[in-house]
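One-letter residues, chain by chain:
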Amino acid sequence: RDLHSFPTRRSSDLYVVLQTKNGVFLRFLTSEVPEKKKAAVGVRGIRMAEDDAVEHAYLLASRMDYTITYHDKEISLTAKIKLAKRDTKGTKIRV
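Below: a short report on this structure. These figures come from a predicted structure and were not determined experimentally.

On inspection of all chains with the given rule, the structure shows one aromatic pair. Centroid distance Phe25 to Tyr70: 5.5 Å. Interplanar angle 90 degrees. Geometry classified as edge-to-face. Residue Phe25 is found in strand 2 (residues 24-29), and its partner Tyr70 is found in strand 4 (residues 67-70); the two are separated by 45 residues along the sequence. Look at Phe25 and you get buried, because its relative accessible area is 0%.

Shown next as structure tokens:
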């Protein structure tokens, strides 16, 4: 089969979930991230406190449930983390 005949996923079908070391999560559409331009230096994905840092980044397909273990509790990245805009503060998860 020709490789070009396989369907490709549109960026509107993909989500990014960022997790910080302080337990803040942010989920947004990949379509919010602009394409890299010649002089680009990157874009900010999440606003964080001074003492925080991104610990994990997940790329998720839509319409599927993804679960991770966070502090010995199961967390659904699609049900528990609401869809937001890129470059916002995110949601602190209580465990």
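We are not done yet, so read on.
The next thing to look at is the pairing of strand 1 (residues 14-20). A regular strand places its side chains on the two faces of the sheet in alternate fashion. The element strand 1 is largely enclosed, with a buried count of seven among its seven residues. Burial of the side chains of strand 1 extends over both faces: Leu14, Val16, Leu18 and Thr20 are buried on one face and Tyr15, Val17 and Gln19 on the other. Alignment of strand 1 against strand 3 (residues 54-61), held across seven bridges, turns out to be antiparallel. Paired with Leu18 across the strands is Ala57, a residue of strand 3. In sequence, strand 1 turns back onto strand 2 through a hairpin of three residues, with Gly23 there showing a positive phi of about 85 degrees.

The residue Lys73 is located in strand 5 (residues 73-76) in this model. In this structure Lys73 comes out as partly exposed when scored by relative accessible area, which is 43%. Placed 22 residues apart in sequence, Lys73 and Val95 show a C-alpha to C-alpha distance of 7.1 Å. Here Lys73 is in contact with Ile68 and Val95, once residues within four sequence places are set aside.

What counts, and where the lines are drawn
All residue numbers here refer to positions counted from 1 along the written sequence of the relevant chain. Since the coordinates come from a predicted model, pLDDT governs what is reported: local features require at least 70, and pairs of side-chain atoms require 80 or more to be given and counted, while whole-chain, interface and lining totals use all residues. No hydrogens and no water enter the side-chain calculation; it runs on all heavy atoms of the structure. Only centres within 6.5 Å qualify two rings of Phe, Tyr or Trp (six-membered ring in Trp) as a pair; their planes then separate them into stacked at under 30 degrees, edge-to-face at over 60, and tilted for everything else. Each helix is a run of DSSP H or I of at least 4 residues and each strand a run of E of at least 2, with the numbering of both proceeding from the N terminus. Note on classification: 1.4 Å probe, protein chains only; a residue is buried when its accessible area is under 20% of the maximum for its type, exposed when over 50%, partly exposed between these limits. The criterion for strand pairing is that DSSP finds at least two bridges linking the strands in question. When checking whether two residues touch, look at their non-hydrogen atoms; a contact exists if any pair is within 4.5 Å.

It is worth stressing that arrangement in space is one thing and function is another; only the former is reported here.
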